[in-house]
Amino acid sequence: ILSPDDGPSVLMISAGVGITPMLANLRAPRDAFRFTLLHCDTTFDRTVALDELRAMRDDGRLDALVLRETRRDPERRLNRHHIEPLLPADRLVTVLLCGPEQFMFPIKRTLIDDLALDARRIRFDDFTF
C-alpha cells in the first residue's frame, strides 16, 4: 500500500505473475504518483494484462512501461544498466518488487549496493514455487 510519503516517483519491478499487485496499484486512482513499470516475462504472450498495461501507458497512468522478454535473453538477470535509466534524477523513489525470490533478492542488492537507493523505500512481495 502506498502512502503520500512514498511519492511522487514509484518504480515497479516485477516478473511473471508478480505483475498482479502492480496492476492493483495502477488500477487505483493515484494522481499524486508517477509510475514506471519494468516487467520481465518468459515471452510477451504470457504477460498478464498486456493490453491493459499498454493502455495505461498511453493514457498517462504509467509514465514508462518497459517489458523484457527473457526466454531468448542470455542476460536474463536485471542489473543496474536496466534499472538506472528508469530512476528519477534525485533518486528519491519508492521501489515495489514482486516476483520469485531468485528474481527479487539480486535486484534488491543492486538497488541498495550499486544504485545507492534508500533501503527503507524498497518494498517487496515474494513467492516461491
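What comes next is a walk through the structure. Keep in mind that this is a model prediction, so the values were computed, not measured.

Comments concerning the environment of L62
- Locating L62 in the fold gives a position in the loop between α2 (50–59) and β3 (64–69).
- Owing to a relative accessible area of 1%, L62 belongs among the buried residues under this scheme.
- Each C-alpha atom, one on L62 and one on R76, is 24 Å from the other, the two residues being 14 residues apart in sequence.

Observations concerning the state of the cysteines
- Enumeration over the complete set of coordinates arrives at zero disulfides.
- Note on C40: no disulfide assigned, nearest cysteine sulfur contributed by C98 at a separation of 12 Å.
- You can call C98 buried: its relative accessible area is 3%.

Topic: α2
- Buried within α2 are the following residues: L50, L53 and M56. Viewed along the axis of α2, the buried residues span an arc of 120°, placing them on a single side of the element. Opposite the packed face of α2, turned more than 90 degrees from it, sit the exposed residues D51 and D58.
- Looking at the residues trailing α2, positive phi occurs at G60, about 95°.

A few points about the packing of helix α1 (residues 19–27) against α2
- Following both chains from N to C, one finds α1 and α2 inclined at 40°, their axes separated by 12 Å at the closest point. Considered as vectors, α1 and α2 are oriented oblique to each other. Between α1 and α2 the crossing geometry is left-handed. Of the residues in α2, those in contact with I19, L23, L26 and R27 of α1 are E52, L53 and M56.
- Here the contact of α1 with α2 is built from residues that sort into five nonpolar, no polar and two charged.

Examining the side chain of T70
- With respect to the helices and strands, T70 occurs in the loop between β3 and α3 (80–83).
- Beyond its immediate sequence surroundings of up to four residues, T70 is in contact with C40, D41, T42 and R76.

Cut-offs and rules
Residues numbered from 1 in each chain as written. Predicted model: local features only at pLDDT ≥ 70, side-chain atom pairs only at ≥ 80, totals over all residues. Heavy atoms only, no water. Helix = DSSP H or I, 4+ residues; strand = E, 2+ residues; numbered from the N terminus. Buried < 20%, exposed > 50% of the residue type's maximum accessible area, 1.4 Å probe, protein only. Disulfide = S-S within 2.5 Å. Arc of directions from axis to C-beta. Axes fitted to C-alpha atoms, helices over the stretch in contact; angles between N-to-C directions. Parallel < 35°, antiparallel > 145°, perpendicular 65-115°, else oblique. Left-handed = near helix turned anticlockwise from the far one by under 90°. Contact = heavy atoms within 4.5 Å. Nonpolar A, V, L, I, M, F, W, Y, C, P; charged D, E, K, R; others polar.

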